[in-house]
Amino acid sequence: MMTPWFQRKAKADSIPSVWLRTVTALLFGMVLQSGAAAPQTGTAVPAAGTLRQAAEGRHITVGTAAASAYLAEADYAATLGSEFSQLQAENEMKFGAIHPRPDSDPNPYNFKGGDALVAFAQSHTMVVRGHTLIWHNNVPDWVKNGGYSAPQLAEILHGHIKTVMTHYASKVYAWDVVNEAFNDDGTMRHTVWYDQPGIGAGRGTKYIEEALRWAHEADPNAKLFYNDYDAEMINKKSDAIYKMVRDFKKRGVPLDGVGFQTHVSLKFEDPAKLASFAKNLERFAKLGLELQITELDIRLNDSSAAALAAQAKLYGEITTLCVQQSACKALQTWGFTDKHSWIPGFYKGQGWALLWDEKYQKKPAYQAVYDALAR
Ligand code: XIL
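Here is what the cut-offs are and how they apply
- Residues numbered from 1 in each chain as written.
- Predicted model: local features only at pLDDT ≥ 70, side-chain atom pairs only at ≥ 80, totals over all residues.
- Heavy atoms only, no water.
- Helix = DSSP H or I, 4+ residues; strand = E, 2+ residues; numbered from the N terminus.
- Buried < 20%, exposed > 50% of the residue type's maximum accessible area, 1.4 Å probe, protein only.
- Contact = heavy atoms within 4.5 Å.
- Expected span 1.5 Å × (residues − 1).
- Arc of directions from axis to C-beta.
- Axes fitted to C-alpha atoms, helices over the stretch in contact; angles between N-to-C directions.
- Parallel < 35°, antiparallel > 145°, perpendicular 65-115°, else oblique.
- Left-handed = near helix turned anticlockwise from the far one by under 90°.
- Nonpolar A, V, L, I, M, F, W, Y, C, P; charged D, E, K, R; others polar.
- Near = heavy atom within 4 Å.
- Polar contact = N/O pair within 3.5 Å; in protein donor to acceptor, adjacent residues only side chain to side chain.
- Areas by Shrake-Rupley, 256 points an atom, 1.4 Å probe, with all protein chains shown as cover.
- Salt bridge = Lys/Arg side-chain N within 4 Å of Asp/Glu carboxyl O.
- Phe/Tyr/Trp six-rings, centres within 6.5 Å; stacked < 30°, edge-to-face > 60°.

1. Points about the overall build of the chain
Along the backbone of the chain there are 13 helices and nine strands. Buried positions account for 56% of the 375 residues belonging to the chain. A separation of at least 24 residues holds for 76% of the contacts in the chain among residues at least 6 apart in sequence.

What follows is the structure in structure tokens.
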């Protein structure tokens, strides 16, 4: 049986784009002739003038984080389904959300939210990225307070990875297997999975290696990612990740890519910083990795015209970095409407970080990303 294009591991972008271009051209011909409206959300064809259409023919999938709770909102669903070619659960595939009860419970897992997002993505020909199997956050109380020994914790984590990845095999093409394992100074973050008490893998990056091996065993077709924030530039954290990845590549540890979250403010609007980001991407690319910008948002202190213009400029510049780096295969924002952004809740007084405003009006940043993709 033929695997649908969105379920294939390699070249998730190239196969459909040829096909989509052809169908788009045909439909456009029909539309022009009949004077009917352009193709709408819900079809397999990207609407004219959408981000996903701008990226067609490029090596880039345009993604966003999303939440199933908002799918019932018409503007939310219409924007998500027409503009993006990749979807990632903002929270619903995290450990605490998807595995809220211990394995001794008759019903330890909750796939409801994740399944709803996958169904939405499939009906809008979007690929799905999984986020995240191992993180220091979103660890449920039953894990934190269970008093488990290292071998018991290893069994829990192994079972978790196996169950979740098997459930989404052929539906989720890539997983953030480990998220945010390093401190800013390049040391390992102390977490329940690493050393509190840890899964018993030992010091350094051993537990990450173990998790990647479990993930590969669970779904050999999934692309496996390490994902982190503030590792965009060359600094102590990205050096530590680089060292780990180089070691993994040398020893054949299954790792396909690195995700750069890219939660930034206008302070990132600095030629030296952007150059460092480009250089950093290049050194990771040279290791033979796939790179993705996974959680892009640019928070502001106000929504003045000047701030929105500066934000647009920076969005365009970051998009261009991905366009210019052939190993950069996805550009994903952390949500798309300011109405549902995590920023105001986490950065006091800040917000306005995404491409659409609270009323689903496109902001200058939208046009900047579109232009950088279409150029
Ligand atoms: C955030 C979500 O956006 C919030 O809704 C949630 O309350 C906390 O987590 N890095 C990550 C994401 O990898 O999973 C985080 O998402 C943002 C920072």
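2. A short note on helix α5 (residues 112-123)
A rise of 1.5 Å per residue sets the reference length of α5, with its 12 residues, at 16 Å; its end C-alpha atoms lie 17 Å apart and thus fit the reference within 8%. Within α5 the residues assigned to the buried category are G113, G114, L117, V118, F120 and A121. Looking down the long axis of α5, one finds its buried residues gathered within 160° of arc, a one-sided arrangement. The inward-facing, buried residues of α5 contact β1 (61-66), α3 (74-83), β2 (86-89) and β3 (127-134). Phi for T125, located one or two positions after α5, is positive at around 45°.

3. Quick word on the packing of helix α11 (residues 305-324) against helix α13 (residues 364-374)
At a minimum axis separation of 8 Å, α11 and α13 run at an interaxial angle of 25°. Here α13 runs roughly parallel to α11, going by the angle between their axes. The two elements α11 and α13 cross, and the hand of that crossing is right-handed. Within the contact between the two elements, α11 uses L308, Q311, A312, Y315, G316, T319, T320 and V323 and α13 uses P364, A365, A368, V369, A372 and L373. For the contact of α11 with α13, a count of residues per class yields 10 nonpolar, four polar and no charged.

4. Observations regarding the site of the ligand
The ligand sits among 13 residues. The nearest are E90, K94, H131, E295 and W334. W334 places a side-chain nitrogen or oxygen 2.8 Å from an oxygen atom of the ligand. Here the ligand has 420 Å² of accessible area as a free molecule, and 81% of this is covered by the chains. Residues of the shell around the ligand, tallied by class, amount to four nonpolar, five polar and four charged.

5. As for the pattern of salt bridges
Per the counting criterion, the structure on display carries 17 salt bridges. Here E209 and R213 are joined by a salt bridge, their closest N and O atoms 2.9 Å apart. Taken together, the positions of E209 and R213, both in helix α8 (residues 206-218) and four residues apart, correspond to about one turn of that helix. A single salt-bridge network, built from bridges that share partners, covers K206, E209, R213, D247 and R251.

6. Section: the packing of aromatic side chains
In this structure the tally under the stated criterion is 21 aromatic pairs. Ring plane angle 85° and centroid distance 6.0 Å describe the contact between F268 and F277, whose orientation is recorded as edge-to-face. The interplanar angle of 65° and the centroid separation of 5.0 Å between the aromatic rings of W356 and Y366 together place this pair among those described as edge-to-face. Here W356 is found in the loop between α12 (343-346) and α13, whereas its partner Y366 is found in helix α13, with 10 residues between them in sequence. For W356, a relative accessible area of 2% translates into the label buried. Grouping aromatic residues by their ring pairs yields a cluster made of Y70, Y76, F84, F336, W356, Y366 and Y370.

7. Here's the deal with unusual backbone geometry
Residues other than glycine predominantly adopt negative phi, and peptide bonds predominantly adopt the trans conformation. Cis rather than trans, the peptide bond between H131 and T132 has omega equal to -5°. Structurally, the position occupied by T132 is in strand β3. Here the residue pair Q196 and P197 is connected by a cis peptide bond, since its omega of 5° sits within 30 degrees of zero. Following the sequence through the fold, P197 ends up in the loop between β4 (172-179) and α8. A positive phi angle is found at D230, which is not glycine, with a value near 50°. Relative to the elements of secondary structure, D230 occurs in the loop between β5 (223-228) and α9 (236-251). The backbone of W352 sits at a positive phi, close to 50°, despite the residue not being glycine. Checked against the element boundaries, W352 lands in the loop between α12 and α13. Given the relative accessible area of 31%, W352 is considered partly exposed.

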